[in-house]
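The lines below spell out each chain.
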Amino acid sequence: MNTAGSAGSRTPDAYDAQLQTRRREYLEWIIDTFADLEPGMKPADGRLWSLNHARLCLDRGTDEAGRYLAQVALPRDRDFMGIRLAKTLFDFRESPRLTEAAREHLETVIRDWEMNSFSRLAKWPRQHTENHDIMFLTVGLLSQHLRGQDIGGHLTEVRQWLAWRFERGFYEWNSHRYQFHTSNALQVLAAHAPAEDVRRGAEALFNVMLAERCLLSVGGYLGGCFMRGYEEDRGCDYLNDNRYDAFLPTVWLALGVGEPRFDYARSDGLSPAGDGFGNGRDPRLNQDEGMFFAGGRIVPHRLLPCLLADTAKRAELIYTGKRATAGYPTYYEPPSDWRTNQLVHYYNTPHVSMGSVQYMDGAYPITSKARSRWWSVLFPSEPSQVLRARTDGWPAQRVVQHRNWLVGEGELIATHGLTPCKVGPWNLYEVGKALCAHIEIDGWHVVQVSDTDKHPTGRAFLETLAMPVIDGNVLRGATDEGDSVRVDLSTMALEVNGVPRPSRTDMLHDSPAMRSRYGSGIIEIDTSKGRLVYDASELLDLPARGTAEQALSALTSPSRGQ
């Protein structure tokens, strides 16, 4: 890992003090809130782990924690609780705060962990889902370590899993539901992996997750598109409310933006997750999403707060990047398959965010189990309000975006009181300083966003817009800055000012502040106070990958884990 700039200093400063204050505040809230609820909790209630781990962290009520931890059992989805019990064991294995009975029980749980293929192997495409794979693999590593068995091969599997994410990004990218489960496992590896390079690599990858949030969020809230969430029919409406974002508490703890915890008083009847914690029968929000970071010791890289501040000062930020799902969840295609070619677009100002994902090589039928959000507009002053399109069943997702202009299909959804003002043919949404213009033509939604820093009023914004027209299978329009756009609605091919837009699926991250060629394993982050470079071959002590062209070619070959 290479760093440059004064922000790379590890000298304690105001940021350290603020970080420790936020951590302690979160842990104290967990104890003060959950202790009153403890008598009515069932044995499998996920809040019990949070409460008792926090007790150990703050050295308050350690006897109660010991009694719980001496008998806690794994639920059906055992990796959710298993990664938590592994954290407690290895965080406090040498501490007198953990009773001998609790230590022996936790060691038994981890030592007896079932060593199936999930727990032993890294695979691409993944075996189950991304978050499950890394949790199983992490607990499996620690289980083998406790047994005193040779872990060399297992460490290689973990290194490979980490390296793939530096090279290819995440399947469950930006998921409001699952991102924090992946980060939980990374934090356990960063603290307790029995190899320095794995610890360093896991911490670096966690920092990359935070860097993406710095870049793509507005005030910590992530809008736009994401892979895998749930709608209201599963109890928690991740698709229609950006407050339902399980990574938000970690973002608040690490960077001081967003919300420290979800306020159920504003939830329209949503209840906190309880018995059955962490499995599909209880997909509601947990209240302890930030516990791994609050109870840990990772200090985010000093350039990340600078990246966040730089991003917040930009009048606008444009980001594109390739993401791969390898056909999740019903297709298991190799990385060379066109189904992995998804292009993510974000257009952000300090007051609005519009993001989308486009399948570059055709219409791809995605099962409703994926519960993805293909495009949406975020209004960070009211993050519960979302403008997006819903498509049900097995839709052919079709959307294309150029800067702050987008066209897509589906049923328009405006949530939590978001209502437009009708101005001529346009629907004008004004939320805080955010501006959003929408019009529907022959079933296609054309959306443009801006803010009052650029246009003094909503009506002034509308005066800059050209009416889109459809002629056969071709839609023509123009942005507020005068770019002429032409979209072939049968293929979603885009021309801007008469020039076909290249797909740029060669880039994992492509923006002024964060760049990475897909497959290279090298991620460069630039800030006003220095540059941060992550190189997977150096960081994880893996063989050098050669040129970017060689790396991309290697992706088309069957991998060791397939």
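Bear in mind that the values here come from a model prediction, so they are computed numbers and not experimental data. (Residues numbered from 1 in each chain as written. Predicted model: local features only at pLDDT ≥ 70, side-chain atom pairs only at ≥ 80, totals over all residues. Heavy atoms only, no water.)

(A) Focus on the packing of helix H4 (residues 78–92) against helix H5 (residues 100–111). Contact pair H4 / H5: the axes reach a minimum separation of 10 Å and the direction vectors enclose 130°. What the angle tells us is that H4 and H5 run oblique. Judged by the twist between their axes, the crossing of H4 over H5 is left-handed. On H5, the residues touching Gly82, Leu85, Ala86, Thr88, Leu89 and Phe92 of H4 are Arg103, Leu106, Glu107, Val109 and Ile110. (Axes fitted to C-alpha atoms, helices over the stretch in contact; angles between N-to-C directions. Helix = DSSP H or I, 4+ residues; strand = E, 2+ residues; numbered from the N terminus. Parallel < 35°, antiparallel > 145°, perpendicular 65-115°, else oblique. Left-handed = near helix turned anticlockwise from the far one by under 90°. Contact = heavy atoms within 4.5 Å.)

(B) Summary view of the pattern of salt bridges. The tally for this structure, following the rule as stated, stands at 29 salt bridges. One salt bridge connects Arg47 with Asp45, and the closest N-O pair in it is separated by 2.8 Å. The residue Arg93 makes a salt bridge to Glu107 at a minimum N-O spacing of 3.0 Å. Remark: Glu107 occurs in helix H5 and Arg93 occurs in the loop between H4 and H5; sequence separation between them is 14 residues. Assessed through its relative accessible area of 27%, Arg93 is described here as partly exposed. By relative accessible area, Glu107 is classed as buried at 14%. (Salt bridge = Lys/Arg side-chain N within 4 Å of Asp/Glu carboxyl O. Buried < 20%, exposed > 50% of the residue type's maximum accessible area, 1.4 Å probe, protein only.)

(C) Structural detail: the environment of Ile439. Its place among the elements puts Ile439 in strand E12 (residues 434–441). Those residues in contact with Ile439 that lie beyond four places of it in its chain are Pro425, Trp426, Trp444, His445, Val446, Met467 and Pro468.

(D) Here's a closer look at unusual backbone geometry. Backbone geometry places Asn174, a non-glycine residue, at a positive phi of 60°. Topologically, Asn174 is positioned in the loop between helix H8 (152–168) and helix H9 (179–192). A positive phi angle, close to 50°, is found at His416, a residue other than glycine. Looking at the element boundaries, His416 is found in the loop between strand E9 (411–414) and strand E10 (421–423).

(E) Highlighting the packing of helix H1 (residues 14–37) against helix H2 (residues 46–58). Across the interface, H1 lies against H2 with an axial gap of 9 Å and an inter-helix angle of 130°. Considering their axes alone, H1 and H2 lie oblique with respect to each other. For the element pair H1 and H2, the recorded crossing hand is left-handed. Along the contact surface, H1 presents Arg24, Leu27, Glu28, Ile30, Ile31, Phe34, Ala35 and Leu37, while H2 presents Arg47, Ser50, Leu51, Ala54, Arg55, Cys57 and Leu58. For the contact of H1 with H2, the per-class residue count stands at 10 nonpolar, one polar and four charged. (Nonpolar A, V, L, I, M, F, W, Y, C, P; charged D, E, K, R; others polar.)

(F) Molecular detail of the packing of aromatic side chains. Within the structure shown, the criterion is met by eight aromatic pairs. Relative to Phe136, the ring of Phe118 has its centre 5.5 Å away and its plane inclined at 35°; by these criteria the two rings are tilted. Linking Phe118 in helix H6 (residues 117–120) with Phe136 in helix H7 (residues 130–146), this pair joins segments that are 18 residues apart in sequence. Under the relative-accessibility criterion, Phe118 is labelled partly exposed at 23%. When its relative accessible area of 8% is taken as the criterion, Phe136 is described as buried. In this structure an aromatic cluster arises from ring pairing among Tyr26, Trp29 and Phe34. Sitting over the face of the ring of Tyr178, Arg177 holds its NZ or CZ atom 5.2 Å from the ring centroid. Arg261 extends its terminal NZ or CZ atom over the ring of Trp29, reaching a point 4.3 Å from the ring centre. (Phe/Tyr/Trp six-rings, centres within 6.5 Å; stacked < 30°, edge-to-face > 60°. Lys NZ or Arg CZ within 6 Å of the ring centre and 35° of its normal.)

(G) Quick peek at the side chain of Ser384. You can see Ser384 is positioned in the loop between strand E5 (375–378) and strand E6 (386–390). Ignoring any residue separated from it by four or fewer positions in sequence, one finds Ser384 in contact with Asn240, Asp241, Asn242, Arg243, Thr415 and His416.

(H) Fine view of H1. The end-to-end C-alpha distance of H1 is 35 Å, a good match for the 34 Å that 24 residues give at a rise of 1.5 Å each. Among all positions of H1, only Tyr15, Asp16, Leu19, Arg22, Arg23, Tyr26, Leu27, Ile30, Ile31 and Phe34 are buried. As for H1, its buried residues are in contact with H2, helix H11 (248–255), helix H12 (291–294) and helix H13 (303–313). Regarding H1, its N-cap is Asp13, as a side-chain oxygen of that residue lies 3.1 Å from the backbone nitrogen of Tyr15 further along. (Expected span 1.5 Å × (residues − 1). Polar contact = N/O pair within 3.5 Å; in protein donor to acceptor, adjacent residues only side chain to side chain.)

(I) Spotlight on the sheet that holds strand E14 (residues 469–471). The five strands lie next to each other as E14-E15-E16-E17-E18, forming an open sheet whose pairing is antiparallel. Looking at strand neighbours, the two that pair on one side only are E14 and strand E18 (499–500), the edges of this open sheet. For strand E17 (residues 493–496) and E18, the ladder comprises two bridges, and the chain directions are antiparallel. Opposite Glu495, over in E18, you have Pro500 as the bridge partner. (Pairing = 2+ DSSP bridges.)

(J) Up close: the pairing of E12. The element E12 is extensively covered by neighbouring structure, given that seven of its eight residues are classed as buried. Sheet topology places strand E11 (residues 426–431) next to E12; five bridges connect them, and they run antiparallel. Among the inter-strand pairings, Leu428 is bridged to a residue of E12, identified as Ala437. In this structure, the hairpin formed by E11 and E12 is closed by a connection of two residues, where Gly432 is found at a positive phi of approximately 60°.

(K) Representation of the pairing of strand E20 (residues 514–517). Only one face of E20 is covered, namely the face carrying Met514 and Ser516; the face carrying Arg515 and Arg517 is uncovered. As paired elements, strand E19 (residues 507–510) and E20 share three bridges and run antiparallel to each other. For His509, the partnering residue across the bridge sits in E20 and is Ser516. Linking E19 to E20, which pair antiparallel, is a turn of three residues. In this sheet, strand E21 (residues 522–527) lies alongside E20 in antiparallel orientation, the contact comprising two bridges. Directly across from Met514, in E21, lies its bridge partner Ile525. In textbook terms, the turn of a hairpin is the stretch between consecutive antiparallel strands, and for E20 and E21 this stretch comprises four residues, one of which, Gly519, has a positive phi near 95°.

(L) How the structure looks around the confidence of the model for the protein. Averaged over every residue, the pLDDT of the protein is 86; the share at 70 or more is 85%. Confidence drops under a pLDDT of 50 for residues 326–332, and excluding neighbours within four residues, the segment shows 25 contacts in the predicted structure. Low pLDDT, under 50, characterises residues 545–562; the stretch is placed with 30 contacts to residues that sit more than four places away or in other chains. (pLDDT = per-residue confidence, 0-100.)

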